[in-house]
Amino acid sequence: MALLEVEDLVVEFRSDYGDVRASDRVSFTVDKGEVVGLVGESGSGKTVTSKAILRLVEPESAIRSGRIRFRDRDVLTLSEEAMRDLRASEIAMVFQDPMTALNPVLRIGDQLTRVYLEHARGDASTSPGGRKALLASTRERAMELLRTVRIPDPEVRFGQYPHQFSGGMRQRVMIAMALMCRPSLLIADEPTTALDATVELQVIELIKELQRKFQVSVLFISHNLGVIAKLCDRVVVMYAGRVLESAPTVELFSRPQHPYTRALIGSLARGTKAEKLLKPIRGEPPHLVGLPAGCPFRPRCDLAVEACVEAQPLRPLGSSHLVACHRAPTPG
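Okay, so let's go over this structure. Here the structure is a predicted model, which is why all the values come from computation and not from measurement.

**Section: the overall build of the chain**
Counting secondary structure elements, the chain contains 11 helices and 12 strands. Taking 20 Å as the expected radius of gyration for a compact globule of 332 residues, we find that the chain reaches 21 Å, a close match to that expectation. Of the contacts made within the chain by residues no fewer than 6 positions apart, 64% connect residues no fewer than 24 positions apart.

Structural data, given as structure tokens:
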């Protein structure tokens, strides 16, 4: 059984221009110990889908239908108290901009220890001696995680404030904070977008190392297929709120089936002179109000034909490859 199972998820917001369907019947799974990449251009519905998993979308009633199961629990039916227990203690999230998640007036050490103490539950003794021991062990765990994510001089950094850290170091602190309660699933929402290429590579390698060390599953969200290729075991391609293709990473890059996936791969920068020219995707992602029927990529697709006006459901090409395109070959 999958650790996380998202099935036919619909997230829809009301606006002055009409209903915005940010996630449209989205389905995918994350298995234990697996790193799954959720990729697509900005506006594809990646972040909304990830926030829906933790019921962090506002208003929560925007989650119209579908099912989200974590282990044996239906996330959408849990009480708010149960959801608070689930967040951080079993599913943790690393946000794109750490400065919006870190409190600027609290020291880094205080923020790390508070995360654990908030979710310590039965570990927190009410006796003075028990409380003192818990605080000491929590501080030691926070310090060890700072060392693990390669924060230099953790004893000094423990007492500093977020503005005294570089962007890359703040992102490492966010990763350490997410791991404080030993979650089973880590959701990373474009954690390398604001970083330069060198620091980006360091963060990717760090996530890979921590995933192996702590045996945590990862849902990694990005618009950068190059990053996805370095990190993920499997890739889910989203566009206009829909999943258009899903496959193991090696297979997706060697045998992409949907024209949108091919276009994303074609737009990647290459190292050789013969491949220096990029192949940009013409046009822009669509507005999510009043999308026309059929394949949402049709207006930008060079291979579009009349049949593309009919919506194509995800269908299997093999045991682990799914695609929503009538041009994809029929298995067997």
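**Some points on the nonpolar core**
With 61 residues, the main nonpolar core has L112, I175, F220, Y260 and F297 as its most contacted residues. For this core, the element with the highest residue contribution is helix α7 (residues 167-179), accounting for 8 residues. Setting aside its immediate chain neighbours within four residues, F220 contacts V36, G37, L38, A188, P191, I207, V227, I228, L231 and C232.

**Things to note about the layout of surface pockets**
If you add up the space inside the largest pocket, you get close to 600 Å³. As for the largest pocket, its lining consists of 19 residues, of which R87, A88, V115, H119 and M177 are closest to the centre. Elements supplying a minimum of two residues to the lining of the largest pocket: β6 (91-94), α4 (108-119) and α7. With 5 residues, α4 is the single largest residue contributor to the lining of the largest pocket. Looking at side-chain class alone, the lining of the largest pocket contains 12 nonpolar, 3 polar and 4 charged residues.

**Details of the pattern of salt bridges**
Tallying each qualifying case throughout the model produces 24 salt bridges. With a closest N to O distance of 2.7 Å, E60 and R55 form a salt bridge. Among the ionic pairs, E80 bridges to R87, the shortest N-O distance being 3.1 Å. Connected through shared salt-bridge partners, E12, R21, D24, R25, R64 and R242 make up one network.

Conventions and cut-offs
- Residues numbered from 1 in each chain as written.
- Predicted model: local features only at pLDDT ≥ 70, side-chain atom pairs only at ≥ 80, totals over all residues.
- Heavy atoms only, no water.
- Helix = DSSP H or I, 4+ residues; strand = E, 2+ residues; numbered from the N terminus.
- Rg over C-alpha atoms; globule rule 2.2 N^0.38 Å.
- Contact = heavy atoms within 4.5 Å.
- Core = buried A, V, L, I, M, F, W, Y, C linked by side-chain atoms within 4.5 Å.
- Buried < 20%, exposed > 50% of the residue type's maximum accessible area, 1.4 Å probe, protein only.
- 1 Å grid on protein atoms, 1.4 Å probe; cavity = no way out; pocket = protein on both sides within 12 Å on 5 of 7 lines; lining within 4 Å.
- Points joined across faces, edges and corners; volume = space filled by probe spheres on them.
- Nonpolar A, V, L, I, M, F, W, Y, C, P; charged D, E, K, R; others polar.
- Salt bridge = Lys/Arg side-chain N within 4 Å of Asp/Glu carboxyl O.

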